[in-house]
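# Coordinate analysis (summary)
Residue-level listing of the chains:
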Amino acid sequence: MSEPVVLGIETSCDETGVGIVKGTELLAHAVASSVEEHVRFGGVVPEVASRAHLEAMVPTLEQAYTESGVRIQDVDAIAVTCGPGLTGALLVGVAAAKALALAHDKPLYGLNHLVSHVAVDQLEHGRFDRPVAALLVSGGHTEILLVEDIASDVTMLGSTIDDAAGEAFDKVARLLGLPYPGGPHVDRVAADGDPTAIAFPRGLMAAKDAERYRYDFSFSGLKSAVSRHVQRERAAGRELAVADVAASFQDAVVDVLTRKTVQACRDHGVDTLVVGGGVAANGRLREFVRERAGAAGIDVRIPRPDLCTDNGAMVAALGAEVVRRGERPSSLDLPVDSSLPVTAVVA
Ligand code: KG4
Ligand code: ZN
């Protein structure tokens, strides 16, 4: 079969994304974000996100058609994120995808959001030709995955046992008086700070955790340590060294993420690492991953930042692989699953 043209829809959180690909070639990448509507609440409000998806869906679809010059009639399949994510938000994308599939007689594929974050790298760096490991770091997920085959064989090696990495960035930003979403602000402020100024804890890195929690993360203790530090400084009447706190916190997160991921690659004999999700935009993480994975002889693939954050092209990218393999389409009564496990690539 020649490379399939796939339209992908993403609505699991606060981005309405529609992407169109032909195999690993990106043809359209339209994204509308409702992040501005959540800023005053300091986090995503599910009901607000669902309503924003409803309003943005048709304009975003039209933008993708215009960008690519592809008409819905020319598409081989419709792919949509059906989990994990916010239930009400997922329902909007899945309903739209079903309507398109039914009206235009196209096969429908309900796909896993987490696996799509990994698949998107193929649009930039070409098709995976061997098993890869993936570090997925976003506002909602922090996972190390082993990807034997992107369309059919994905396992989770480890994940966070409390906060996601992006969530930790957002909470610490709040403690430091920085706006939501905090990750980019912490990244920027930390550039002027000393990452060795404060010895913040590294979660699940103790010798006793090397077995049970070998590839797992914990960031809630780190967040509490930052909170205690801020309170102590205030109580002592000292001015908070925001840049030093940001830099020391950021290094604590990035240090653990990279050490455990390189360890996972080594243990599984994998020589390619893909990094994805919003936190993959972090400058210090990109630097640490390149340095440490590079030193271990691991090839590092990190998509450009606007493909790391949630978008429809990533769903289309995974859809194209699934269609190429001849996988069976999903049924038209496809449900959403807010906690879809990563092993379920196609629902
Ligand atoms: O993947 P994403 O766009 O949405 C989710 O699926 O959650 O990730 C958003 C997260 C937010 O927590 C945000 O603060 C974080 O990614 N983030 C960053 C940076 N840019 C975005 N964290 C650290 N450094 C950054 N430069
Ligand atoms: Zn995501």
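These remarks concern the structure in this document. (Residues numbered from 1 in each chain as written. Chains lettered and ligands numbered in written order. Predicted model: local features only at pLDDT ≥ 70, side-chain atom pairs only at ≥ 80, totals over all residues. Heavy atoms only, no water.)

A word on the layout of surface pockets. Of the voids in this model, the largest pocket is the one considered here, and its volume is about 1,200 Å³. Lining the largest pocket are 44 residues, with Ser138, Gly139, Asp170, Tyr180 and Pro181 positioned closest to its centre. Mapped by element, the contributors of at least two residues to the lining of the largest pocket are β3 (25–33), α4 (113–119), α6 (165–175), α7 (183–190) and α11 (305–308). Here the lining of the largest pocket gets six residues from one element, more than from any other, and that element is α6. Residue composition of the lining of the largest pocket, by class: 16 nonpolar, 19 polar and nine charged. Both domains that furnish three or more residues to the lining of the largest pocket are identified here as domain 1 (5–120 + 311–324) and domain 2 (132–303). (1 Å grid on protein atoms, 1.4 Å probe; cavity = no way out; pocket = protein on both sides within 12 Å on 5 of 7 lines; lining within 4 Å. Points joined across faces, edges and corners; volume = space filled by probe spheres on them. Helix = DSSP H or I, 4+ residues; strand = E, 2+ residues; numbered from the N terminus. Nonpolar A, V, L, I, M, F, W, Y, C, P; charged D, E, K, R; others polar. Domains from an automatic or database assignment.)

The coordination sphere of the zinc ion (ligand 2), as far as protein atoms go, consists of His113 (NE2), His117 (NE2) and Asp310 (OD), spread over 2.1 to 2.2 Å. In this structure, the zinc ion (ligand 2) is surrounded by four donor atoms whose angles at the metal cover 87 to 139 degrees, and the resulting shape is irregular. Sequence spacing among the residues donating to the zinc ion (ligand 2) works out to H-x3-H-x192-D. With His117 in helix α4 and Asp310 in the loop between α11 and α12 (313–324), the pair connects residues that are 193 residues apart, well separated along the chain. Summarising the burial analysis for this pair, His117 and Asp310 share the class buried. (Donors = N, O, S within 2.8 Å, 3.2 Å for Na, K, Ca; no water. Tetrahedral: all angles 85-135°; square planar, octahedral: opposite > 155°, others 65-115°. Buried < 20%, exposed > 50% of the residue type's maximum accessible area, 1.4 Å probe, protein only.)

Everything listed here is a matter of geometry and, on its own, says nothing about what the molecule does.
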